[in-house]
Amino acid sequence: METEKDLQSLSFEEALQELELIVARLEDGELTLDESLALFERGQKLAERCNKQLSQATLRIEQLTADGEIVELPSP
Amino acid sequence: MGLFVSEANQFSQSTWSVSELTAYIREMFAIDYRLQDVTVGGEISNFTRARSGHLYFTLKDAGAQIKCVMWRSAAERLFFEPGEGDAVLANGRISVYEAGGVYQLYAERLQPAGRGNLAVAFEQLKQRLADEGLFDPEHKKPIPLTPHKIGIVTSADAAALRDILNVLNRRYPLVEVLIAPTLVQGAEAPPQIVRALQWLDGRTDIDTIIVARGGGSIEDLWAFNDERVARAIFAAQHPVITGVGHETDFTIADFVADRRAPTPSAAAELATPDIEEIRPLLAGYQAMLQSEMQDLIRQKQWQVQTLVRALSHLSPQGRLDNNRQRLDVTLARLDRAMNHRLAQEQGRLAVAVAGLTAVSPLATLSRGYAIVRLRENGRVVRSISHVASGDSLTVQVSDGQFDVRVGD
(Lines give C-alpha, C1' and ligand atoms only; values in the text may rest on other atoms or scores of the structure.)
Protein backbone atom coordinates (compact mmCIF):
# COMPACT_ATOMS: atom_id res chain seq x y z
CA MET A 1 0.00 0.00 0.00
CA GLU A 2 1.31 3.38 -0.99
CA THR A 3 0.38 5.22 2.22
CA GLU A 4 1.17 2.62 4.81
CA LYS A 5 2.59 4.73 7.60
CA ASP A 6 3.66 3.62 10.99
CA LEU A 7 0.52 3.03 12.99
CA GLN A 8 1.62 5.07 15.99
CA SER A 9 2.37 8.14 13.90
CA LEU A 10 -1.15 8.23 12.45
CA SER A 11 -3.63 10.74 13.77
CA PHE A 12 -7.07 9.38 14.59
CA GLU A 13 -8.60 10.86 11.47
CA GLU A 14 -5.81 9.47 9.28
CA ALA A 15 -6.28 6.03 10.80
CA LEU A 16 -10.05 6.22 10.35
CA GLN A 17 -9.69 7.34 6.74
CA GLU A 18 -7.29 4.54 5.93
CA LEU A 19 -9.64 2.05 7.57
CA GLU A 20 -12.52 3.31 5.42
CA LEU A 21 -10.33 2.97 2.35
CA ILE A 22 -9.39 -0.58 3.24
CA VAL A 23 -12.99 -1.63 3.78
CA ALA A 24 -13.89 -0.11 0.40
CA ARG A 25 -11.04 -1.90 -1.34
CA LEU A 26 -11.98 -5.22 0.21
CA GLU A 27 -15.57 -4.68 -0.88
CA ASP A 28 -14.39 -4.01 -4.42
CA GLY A 29 -12.76 -7.40 -4.63
CA GLU A 30 -10.28 -7.69 -7.52
CA LEU A 31 -7.53 -8.47 -5.05
CA THR A 32 -5.34 -11.47 -4.59
CA LEU A 33 -5.79 -13.45 -1.43
CA ASP A 34 -2.42 -12.30 -0.15
CA GLU A 35 -3.29 -8.67 -0.77
CA SER A 36 -6.63 -9.13 0.91
CA LEU A 37 -5.09 -10.77 3.95
CA ALA A 38 -2.56 -7.96 4.26
CA LEU A 39 -5.32 -5.37 4.00
CA PHE A 40 -7.40 -7.25 6.52
CA GLU A 41 -4.60 -7.35 9.06
CA ARG A 42 -3.84 -3.67 8.53
CA GLY A 43 -7.53 -2.84 8.90
CA GLN A 44 -7.77 -4.74 12.17
CA LYS A 45 -4.78 -2.86 13.56
CA LEU A 46 -6.19 0.48 12.44
CA ALA A 47 -9.53 -0.24 14.09
CA GLU A 48 -7.79 -1.19 17.35
CA ARG A 49 -5.70 1.95 17.18
CA CYS A 50 -8.80 4.10 16.64
CA ASN A 51 -10.63 2.48 19.52
CA LYS A 52 -7.65 3.02 21.79
CA GLN A 53 -7.38 6.67 20.81
CA LEU A 54 -11.06 7.18 21.42
CA SER A 55 -10.86 5.82 24.93
CA GLN A 56 -7.71 7.74 25.86
CA ALA A 57 -8.40 11.15 24.37
CA THR A 58 -8.49 14.39 26.36
CA LEU A 59 -9.09 17.78 24.83
CA ARG A 60 -5.85 19.66 24.20
CA ILE A 61 -6.25 23.43 24.40
CA GLU A 62 -3.81 26.14 23.37
CA GLN A 63 -4.24 29.87 23.42
CA LEU A 64 -2.51 32.73 21.70
CA THR A 65 -1.25 35.28 24.23
CA ALA A 66 -0.99 39.04 23.78
CA ASP A 67 2.75 38.54 23.29
CA GLY A 68 2.08 36.31 20.31
CA GLU A 69 3.05 33.15 22.14
CA ILE A 70 1.03 30.00 22.28
CA VAL A 71 0.40 28.59 25.75
CA GLU A 72 -1.31 25.41 26.76
CA LEU A 73 -4.43 25.56 28.91
CA PRO A 74 -5.80 22.86 31.19
CA SER A 75 -8.58 20.65 29.85
CA PRO A 76 -12.08 21.64 30.91
CA MET B 1 -16.08 81.97 52.47
CA GLY B 2 -12.74 82.78 53.87
CA LEU B 3 -10.77 85.20 51.78
CA PHE B 4 -13.36 87.85 51.07
CA VAL B 5 -15.40 87.75 54.25
CA SER B 6 -13.66 90.53 56.04
CA GLU B 7 -13.57 92.76 52.96
CA ALA B 8 -16.03 95.51 52.60
CA ASN B 9 -18.88 94.08 50.65
CA GLN B 10 -20.89 96.50 48.63
CA PHE B 11 -23.25 93.70 47.46
CA SER B 12 -24.42 93.29 51.08
CA GLN B 13 -24.34 89.56 50.51
CA SER B 14 -22.05 86.79 51.48
CA THR B 15 -19.68 85.93 48.64
CA TRP B 16 -18.73 82.47 47.20
CA SER B 17 -15.55 81.22 45.87
CA VAL B 18 -15.60 79.94 42.27
CA SER B 19 -15.17 76.42 43.54
CA GLU B 20 -18.05 76.82 45.92
CA LEU B 21 -20.24 78.22 43.25
CA THR B 22 -19.25 75.57 40.75
CA ALA B 23 -19.84 72.82 43.26
CA TYR B 24 -23.25 74.29 43.92
CA ILE B 25 -24.09 74.40 40.23
CA ARG B 26 -22.96 70.85 39.89
CA GLU B 27 -25.24 69.90 42.73
CA MET B 28 -28.10 71.58 40.90
CA PHE B 29 -27.61 69.25 37.95
CA ALA B 30 -27.28 66.28 40.23
CA ILE B 31 -30.60 66.79 41.93
CA ASP B 32 -32.49 67.04 38.64
CA TYR B 33 -33.25 63.38 38.00
CA ARG B 34 -34.14 64.11 34.36
CA LEU B 35 -30.57 65.25 33.75
CA GLN B 36 -29.16 62.10 35.34
CA ASP B 37 -30.53 59.87 32.61
CA VAL B 38 -31.00 61.84 29.47
CA THR B 39 -30.89 60.92 25.81
CA VAL B 40 -30.01 63.60 23.34
CA GLY B 41 -29.83 63.54 19.57
CA GLY B 42 -27.33 65.56 17.60
CA GLU B 43 -24.43 65.61 15.21
CA ILE B 44 -20.89 64.84 16.31
CA SER B 45 -18.20 67.46 15.85
CA ASN B 46 -14.72 68.04 17.28
CA PHE B 47 -14.40 64.29 17.78
CA THR B 48 -11.19 63.18 19.48
CA ARG B 49 -10.15 59.86 20.90
CA ALA B 50 -7.57 60.50 23.61
CA ARG B 51 -4.62 58.19 24.11
CA SER B 52 -6.31 57.11 27.31
CA GLY B 53 -9.19 55.74 25.26
CA HIS B 54 -11.69 58.37 26.43
CA LEU B 55 -13.75 60.07 23.72
CA TYR B 56 -14.34 63.81 23.60
CA PHE B 57 -16.75 65.42 21.20
CA THR B 58 -19.44 68.03 20.82
CA LEU B 59 -23.05 67.29 19.97
CA LYS B 60 -24.78 70.03 18.10
CA ASP B 61 -27.83 70.87 16.16
CA ALA B 62 -28.72 73.98 14.23
CA GLY B 63 -29.18 76.09 17.34
CA ALA B 64 -26.98 74.79 20.14
CA GLN B 65 -24.16 72.54 21.17
CA ILE B 66 -23.16 70.57 24.21
CA LYS B 67 -19.81 69.13 25.14
CA CYS B 68 -19.68 65.40 25.63
CA VAL B 69 -17.26 62.96 27.14
CA MET B 70 -17.34 59.19 27.00
CA TRP B 71 -15.01 57.31 29.30
CA ARG B 72 -13.02 54.43 27.93
CA SER B 73 -15.04 51.85 29.85
CA ALA B 74 -18.12 52.98 27.94
CA ALA B 75 -16.28 53.62 24.67
CA GLU B 76 -15.08 50.01 24.59
CA ARG B 77 -18.65 48.82 24.50
CA LEU B 78 -19.46 50.85 21.38
CA PHE B 79 -20.60 48.64 18.54
CA PHE B 80 -19.70 51.17 15.89
CA GLU B 81 -16.96 53.65 15.23
CA PRO B 82 -18.38 57.16 15.78
CA GLY B 83 -16.97 59.85 13.61
CA GLU B 84 -17.17 63.49 12.70
CA GLY B 85 -20.57 64.49 11.37
CA ASP B 86 -22.38 61.33 12.51
CA ALA B 87 -25.95 61.80 13.63
CA VAL B 88 -26.17 59.98 16.92
CA LEU B 89 -28.21 59.47 20.02
CA ALA B 90 -26.23 59.83 23.20
CA ASN B 91 -27.42 58.68 26.59
CA GLY B 92 -25.89 59.69 29.90
CA ARG B 93 -26.02 62.31 32.60
CA ILE B 94 -25.30 66.02 32.64
CA SER B 95 -22.69 67.23 35.04
CA VAL B 96 -20.07 69.88 35.43
CA TYR B 97 -16.38 69.70 34.69
CA GLU B 98 -15.36 72.06 37.43
CA ALA B 99 -11.78 72.67 36.33
CA GLY B 100 -12.99 73.67 32.87
CA GLY B 101 -16.07 75.45 34.03
CA VAL B 102 -18.25 73.59 31.61
CA TYR B 103 -21.28 71.46 31.92
CA GLN B 104 -21.27 68.44 29.69
CA LEU B 105 -22.89 65.18 28.86
CA TYR B 106 -21.14 62.19 30.37
CA ALA B 107 -22.23 59.71 27.75
CA GLU B 108 -22.67 56.04 28.70
CA ARG B 109 -24.10 54.86 25.41
CA LEU B 110 -24.04 56.02 21.85
CA GLN B 111 -25.80 54.73 18.79
CA PRO B 112 -26.44 55.92 15.27
CA ALA B 113 -29.50 58.15 15.35
CA GLY B 114 -32.72 56.31 14.94
CA ARG B 115 -32.86 52.66 15.83
CA GLY B 116 -34.14 52.03 12.31
CA ASN B 117 -30.77 53.11 10.96
CA LEU B 118 -29.15 49.96 12.34
CA ALA B 119 -31.61 47.80 10.50
CA VAL B 120 -31.16 49.89 7.37
CA ALA B 121 -27.39 49.67 7.58
CA PHE B 122 -27.66 45.93 8.15
CA GLU B 123 -29.94 45.41 5.17
CA GLN B 124 -27.83 47.62 2.94
CA LEU B 125 -24.62 45.77 3.75
CA LYS B 126 -26.34 42.41 3.47
CA GLN B 127 -27.72 43.32 0.04
CA ARG B 128 -24.41 44.65 -1.18
CA LEU B 129 -22.44 41.60 -0.10
CA ALA B 130 -25.13 39.29 -1.47
CA ASP B 131 -24.91 41.08 -4.82
CA GLU B 132 -21.17 40.56 -4.76
CA GLY B 133 -21.74 36.86 -4.30
CA LEU B 134 -20.23 36.57 -0.83
CA PHE B 135 -23.14 34.42 0.38
CA ASP B 136 -23.31 32.16 -2.67
CA PRO B 137 -23.53 28.45 -1.89
CA GLU B 138 -20.69 27.57 -4.26
CA HIS B 139 -18.30 29.44 -1.98
CA LYS B 140 -19.33 27.37 1.03
CA LYS B 141 -16.53 25.06 1.99
CA PRO B 142 -17.34 21.66 3.46
CA ILE B 143 -16.63 21.22 7.16
CA PRO B 144 -14.13 18.41 7.83
CA LEU B 145 -15.90 15.51 9.51
CA THR B 146 -13.05 14.57 11.82
CA PRO B 147 -10.98 17.71 12.39
CA HIS B 148 -7.54 17.50 13.90
CA LYS B 149 -7.34 21.07 15.17
CA ILE B 150 -9.99 23.72 15.54
CA GLY B 151 -9.22 27.44 15.74
CA ILE B 152 -11.54 29.56 17.87
CA VAL B 153 -12.01 33.30 17.55
CA THR B 154 -13.81 34.56 20.63
CA SER B 155 -13.42 36.36 23.90
CA ALA B 156 -10.98 34.50 26.15
CA ASP B 157 -12.94 34.72 29.36
CA ALA B 158 -16.50 34.45 28.16
CA ALA B 159 -19.10 31.80 28.80
CA ALA B 160 -19.23 31.20 25.06
CA LEU B 161 -15.70 29.80 25.09
CA ARG B 162 -16.41 27.57 28.08
CA ASP B 163 -19.51 26.26 26.33
CA ILE B 164 -17.53 25.47 23.20
CA LEU B 165 -14.74 23.72 25.11
CA ASN B 166 -17.23 21.66 27.11
CA VAL B 167 -19.01 20.52 23.98
CA LEU B 168 -15.74 19.65 22.25
CA ASN B 169 -14.53 17.75 25.28
CA ARG B 170 -17.73 15.75 25.49
CA ARG B 171 -18.24 15.11 21.79
CA TYR B 172 -14.76 14.74 20.37
CA PRO B 173 -11.87 15.03 22.84
CA LEU B 174 -9.49 13.87 20.09
CA VAL B 175 -9.48 17.34 18.62
CA GLU B 176 -6.97 20.03 19.50
CA VAL B 177 -8.03 23.60 20.09
CA LEU B 178 -6.20 26.83 19.39
CA ILE B 179 -7.83 29.95 20.78
CA ALA B 180 -7.14 33.39 19.31
CA PRO B 181 -8.74 35.69 21.89
CA THR B 182 -10.35 38.93 20.74
CA LEU B 183 -12.75 41.57 21.87
CA VAL B 184 -16.16 40.59 20.61
CA GLN B 185 -17.94 43.89 21.06
CA GLY B 186 -17.12 47.51 20.74
CA ALA B 187 -15.51 49.54 18.01
CA GLU B 188 -12.17 47.78 18.49
CA ALA B 189 -13.67 44.33 18.06
CA PRO B 190 -13.93 44.11 14.24
CA PRO B 191 -10.24 44.72 13.48
CA GLN B 192 -9.28 42.35 16.32
CA ILE B 193 -11.62 39.66 15.05
CA VAL B 194 -10.18 40.09 11.55
CA ARG B 195 -6.62 39.80 12.85
CA ALA B 196 -7.39 36.70 14.93
CA LEU B 197 -9.18 35.07 12.02
CA GLN B 198 -6.36 35.80 9.61
CA TRP B 199 -3.77 34.54 12.07
CA LEU B 200 -5.58 31.24 12.52
CA ASP B 201 -6.31 30.96 8.81
CA GLY B 202 -2.63 31.37 8.01
CA ARG B 203 -1.75 28.27 9.99
CA THR B 204 -1.52 24.93 8.25
CA ASP B 205 -2.46 22.82 11.27
CA ILE B 206 -6.00 24.21 11.47
CA ASP B 207 -8.93 22.36 9.92
CA THR B 208 -11.89 24.48 10.95
CA ILE B 209 -12.34 27.94 12.47
CA ILE B 210 -15.15 28.80 14.85
CA VAL B 211 -16.07 32.48 15.25
CA ALA B 212 -18.24 32.80 18.33
CA ARG B 213 -19.88 35.15 20.76
CA GLY B 214 -22.49 34.61 23.40
CA GLY B 215 -25.89 36.26 23.42
CA GLY B 216 -26.43 40.01 23.79
CA SER B 217 -28.29 42.98 22.45
CA ILE B 218 -28.16 43.85 18.79
CA GLU B 219 -25.55 46.46 19.65
CA ASP B 220 -23.49 43.86 21.50
CA LEU B 221 -23.45 41.66 18.41
CA TRP B 222 -22.77 44.51 16.02
CA ALA B 223 -19.12 43.64 15.47
CA PHE B 224 -20.34 40.59 13.57
CA ASN B 225 -22.25 42.84 11.18
CA ASP B 226 -19.02 44.60 10.27
CA GLU B 227 -18.03 44.48 6.64
CA ARG B 228 -14.38 43.88 7.48
CA VAL B 229 -15.28 40.82 9.51
CA ALA B 230 -17.54 39.55 6.72
CA ARG B 231 -14.80 39.93 4.13
CA ALA B 232 -12.22 38.25 6.34
CA ILE B 233 -14.53 35.26 6.79
CA PHE B 234 -15.11 35.14 3.04
CA ALA B 235 -11.38 35.30 2.32
CA ALA B 236 -10.51 32.52 4.78
CA GLN B 237 -8.99 29.41 3.22
CA HIS B 238 -10.28 27.22 6.02
CA PRO B 239 -13.97 26.61 6.59
CA VAL B 240 -15.49 29.02 9.09
CA ILE B 241 -18.43 28.26 11.37
CA THR B 242 -20.14 31.15 13.12
CA GLY B 243 -21.95 30.80 16.42
CA VAL B 244 -23.03 34.30 17.39
CA GLY B 245 -25.71 35.21 19.91
CA HIS B 246 -28.84 33.16 20.28
CA GLU B 247 -31.03 31.10 18.00
CA THR B 248 -32.84 34.11 16.57
CA ASP B 249 -29.85 36.35 15.98
CA PHE B 250 -28.62 36.53 12.41
CA THR B 251 -25.51 38.56 11.63
CA ILE B 252 -23.75 39.36 8.37
CA ALA B 253 -20.96 37.05 9.53
CA ASP B 254 -23.51 34.22 9.67
CA PHE B 255 -24.48 34.72 6.03
CA VAL B 256 -20.94 34.70 4.75
CA ALA B 257 -19.73 31.83 6.95
CA ASP B 258 -19.48 28.33 5.53
CA ARG B 259 -21.88 27.16 8.24
CA ARG B 260 -23.97 29.21 10.64
CA ALA B 261 -24.68 27.74 14.04
CA PRO B 262 -27.38 29.26 16.24
CA THR B 263 -25.13 29.38 19.32
CA PRO B 264 -21.47 28.90 20.23
CA SER B 265 -22.23 25.41 21.60
CA ALA B 266 -23.97 24.50 18.38
CA ALA B 267 -20.94 25.70 16.42
CA ALA B 268 -18.79 23.27 18.40
CA GLU B 269 -21.26 20.51 17.56
CA LEU B 270 -21.19 21.34 13.86
CA ALA B 271 -17.41 21.29 13.90
CA THR B 272 -17.04 17.80 15.34
CA PRO B 273 -18.41 14.29 15.07
CA ASP B 274 -19.80 12.68 18.21
CA ILE B 275 -17.46 10.11 19.66
CA GLU B 276 -20.51 8.02 20.54
CA GLU B 277 -21.37 7.86 16.84
CA ILE B 278 -17.83 6.94 15.87
CA ARG B 279 -17.65 3.90 18.13
CA PRO B 280 -20.43 2.01 16.34
CA LEU B 281 -18.95 3.18 13.03
CA LEU B 282 -15.65 1.60 13.97
CA ALA B 283 -17.37 -1.57 15.15
CA GLY B 284 -19.20 -1.62 11.82
CA TYR B 285 -15.95 -1.35 9.90
CA GLN B 286 -14.45 -4.15 11.92
CA ALA B 287 -17.46 -6.35 11.20
CA MET B 288 -17.20 -5.48 7.51
CA LEU B 289 -13.53 -6.39 7.50
CA GLN B 290 -14.38 -9.77 9.01
CA SER B 291 -17.23 -10.53 6.68
CA GLU B 292 -15.36 -9.38 3.58
CA MET B 293 -12.51 -11.62 4.55
CA GLN B 294 -14.79 -14.60 5.17
CA ASP B 295 -16.56 -14.03 1.88
CA LEU B 296 -13.26 -13.84 0.12
CA ILE B 297 -11.98 -17.03 1.67
CA ARG B 298 -15.21 -18.85 0.84
CA GLN B 299 -15.01 -17.58 -2.70
CA LYS B 300 -11.40 -18.66 -3.06
CA GLN B 301 -12.22 -22.07 -1.61
CA TRP B 302 -14.98 -22.51 -4.13
CA GLN B 303 -12.63 -21.47 -6.92
CA VAL B 304 -10.10 -23.99 -5.76
CA GLN B 305 -12.70 -26.75 -5.63
CA THR B 306 -13.92 -25.90 -9.10
CA LEU B 307 -10.40 -26.01 -10.43
CA VAL B 308 -9.67 -29.29 -8.71
CA ARG B 309 -12.73 -30.78 -10.37
CA ALA B 310 -11.73 -29.39 -13.74
CA LEU B 311 -8.22 -30.65 -13.25
CA SER B 312 -9.32 -34.16 -12.41
CA HIS B 313 -11.15 -34.36 -15.73
CA LEU B 314 -8.07 -33.34 -17.60
CA SER B 315 -5.42 -35.19 -15.65
CA PRO B 316 -3.27 -38.00 -17.23
CA GLN B 317 -4.42 -40.15 -14.35
CA GLY B 318 -7.87 -40.08 -15.87
CA ARG B 319 -6.57 -41.10 -19.23
CA LEU B 320 -4.41 -43.72 -17.61
CA ASP B 321 -7.40 -45.12 -15.78
CA ASN B 322 -9.28 -45.02 -19.05
CA ASN B 323 -6.60 -46.91 -20.92
CA ARG B 324 -6.23 -49.39 -18.13
CA GLN B 325 -9.89 -50.17 -18.43
CA ARG B 326 -9.63 -50.53 -22.20
CA LEU B 327 -6.76 -52.86 -21.69
CA ASP B 328 -8.76 -54.93 -19.22
CA VAL B 329 -11.66 -55.12 -21.62
CA THR B 330 -9.42 -56.09 -24.47
CA LEU B 331 -7.64 -58.67 -22.38
CA ALA B 332 -10.96 -60.14 -21.38
CA ARG B 333 -12.02 -60.26 -24.98
CA LEU B 334 -8.74 -61.91 -25.83
CA ASP B 335 -9.27 -64.44 -23.07
CA ARG B 336 -12.70 -65.23 -24.29
CA ALA B 337 -11.53 -65.56 -27.88
CA MET B 338 -8.64 -67.81 -26.87
CA ASN B 339 -10.80 -70.00 -24.70
CA HIS B 340 -13.30 -70.34 -27.48
CA ARG B 341 -10.58 -71.22 -29.93
CA LEU B 342 -9.07 -73.70 -27.51
CA ALA B 343 -12.38 -75.41 -26.98
CA GLN B 344 -12.82 -75.58 -30.73
CA GLU B 345 -9.40 -77.12 -31.22
CA GLN B 346 -9.98 -79.54 -28.39
CA GLY B 347 -13.18 -80.65 -30.07
CA ARG B 348 -11.37 -81.16 -33.34
CA LEU B 349 -8.65 -83.04 -31.55
CA ALA B 350 -11.15 -85.35 -29.89
CA VAL B 351 -12.74 -86.10 -33.28
CA ALA B 352 -9.36 -86.74 -34.78
CA VAL B 353 -8.34 -88.95 -31.87
CA ALA B 354 -11.54 -90.95 -32.30
CA GLY B 355 -10.74 -91.41 -36.01
CA LEU B 356 -7.24 -92.37 -35.21
CA THR B 357 -8.30 -94.95 -32.73
CA ALA B 358 -10.31 -96.68 -35.40
CA VAL B 359 -7.25 -97.24 -37.59
CA SER B 360 -4.70 -97.69 -34.83
CA PRO B 361 -2.47 -100.76 -34.99
CA LEU B 362 -2.58 -100.82 -31.25
CA ALA B 363 -5.92 -102.59 -31.43
CA THR B 364 -4.39 -105.28 -33.63
CA LEU B 365 -1.39 -105.62 -31.36
CA SER B 366 -3.65 -106.17 -28.41
CA ARG B 367 -4.99 -109.22 -30.20
CA GLY B 368 -1.50 -110.80 -30.19
CA TYR B 369 0.06 -109.45 -33.33
CA ALA B 370 3.43 -107.78 -33.24
CA ILE B 371 5.22 -105.27 -35.39
CA VAL B 372 8.80 -106.14 -36.27
CA ARG B 373 11.26 -103.47 -37.28
CA LEU B 374 14.86 -103.47 -38.24
CA ARG B 375 16.56 -102.01 -35.29
CA GLU B 376 19.06 -100.40 -37.47
CA ASN B 377 16.67 -98.18 -39.39
CA GLY B 378 13.23 -98.85 -37.94
CA ARG B 379 11.85 -100.27 -41.21
CA VAL B 380 8.94 -102.57 -40.78
CA VAL B 381 9.74 -106.07 -41.75
CA ARG B 382 7.06 -107.32 -44.14
CA SER B 383 9.09 -110.05 -45.92
CA ILE B 384 11.85 -112.48 -45.07
CA SER B 385 13.85 -110.86 -47.78
CA HIS B 386 14.03 -107.79 -45.54
CA VAL B 387 16.21 -109.59 -42.99
CA ALA B 388 19.47 -111.43 -42.87
CA SER B 389 20.82 -113.70 -40.18
CA GLY B 390 22.33 -111.77 -37.29
CA ASP B 391 20.19 -108.63 -37.83
CA SER B 392 18.86 -107.00 -34.70
CA LEU B 393 15.11 -106.53 -34.74
CA THR B 394 12.72 -104.67 -32.49
CA VAL B 395 9.47 -106.37 -31.72
CA GLN B 396 6.58 -104.16 -30.61
CA VAL B 397 3.69 -105.76 -28.82
CA SER B 398 0.65 -104.13 -27.30
CA ASP B 399 2.25 -103.15 -24.00
CA GLY B 400 5.87 -102.54 -25.07
CA GLN B 401 8.76 -103.76 -27.19
CA PHE B 402 11.80 -105.98 -27.02
CA ASP B 403 14.83 -106.78 -29.17
CA VAL B 404 15.57 -110.10 -30.90
CA ARG B 405 18.28 -111.42 -33.20
CA VAL B 406 17.67 -113.26 -36.46
CA GLY B 407 19.00 -116.81 -36.26
CA ASP B 408 20.44 -118.83 -39.10
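Please refer to the structure higher up on the page.
Below or above, wherever it landed, is the structure these notes cover.

## Let's talk about the interface of chain A and chain B
With 35 residues of chain A in contact, the opposing surface of chain B contributes 35 residues. Between chain A and chain B, the buried area comes to about 3,200 Å², and carbon and sulfur atoms account for 69% of it. Linking chain A with chain B are two salt bridges, by the criterion used here. One salt bridge connects Lys 149 of chain B with Glu 62 of chain A, and the closest N-O pair in it is separated by 3.0 Å.

## Focus on the packing of aromatic side chains
Residues and elements named next belong to chain B. Inspection of the entire model under this criterion finds seven aromatic pairs over all chains. Arranged with centres 5.2 Å apart and planes meeting at 85°, the rings of Trp 16 and Tyr 24 form a pair that is edge-to-face. By relative accessible area, Tyr 24 is classed as partly exposed at 43%. Ring geometry for Phe 29 against Tyr 103: centres 5.9 Å apart, planes inclined by 25°, an arrangement best described as stacked. Residue Phe 29 is found in helix H2 (residues 18–31), and its partner Tyr 103 is found in strand E5 (residues 102–112); the two are separated by 74 residues along the sequence.

## Things to note about the sheet that holds strand E11 (residues 371–374) of chain B
All names here are of chain B. Sheet architecture is open: three strands sit in the order E11-E12-E13, paired in antiparallel fashion. In the strand order of this sheet, the two ends are held by E11 and strand E13 (400–405), each with one partner. On average, each strand axis in the sheet is tilted by 25° relative to the strand beside it, whichever way the strands run. The pairing of E11 with strand E12 (residues 392–397) spans four bridges and is classified as antiparallel. Looking at E12, one finds that Leu 374 is bridged to Leu 393.

Calculation rules
- Residues numbered from 1 in each chain as written.
- Chains lettered and ligands numbered in written order.
- Predicted model: local features only at pLDDT ≥ 70, side-chain atom pairs only at ≥ 80, totals over all residues.
- Heavy atoms only, no water.
- Contact = heavy atoms within 4.5 Å.
- Buried area = accessible area lost by both parts, 1.4 Å probe.
- Salt bridge = Lys/Arg side-chain N within 4 Å of Asp/Glu carboxyl O.
- Phe/Tyr/Trp six-rings, centres within 6.5 Å; stacked < 30°, edge-to-face > 60°.
- Buried < 20%, exposed > 50% of the residue type's maximum accessible area, 1.4 Å probe, protein only.
- Helix = DSSP H or I, 4+ residues; strand = E, 2+ residues; numbered from the N terminus.
- Pairing = 2+ DSSP bridges.
- Axes fitted to C-alpha atoms, helices over the stretch in contact; angles between N-to-C directions.

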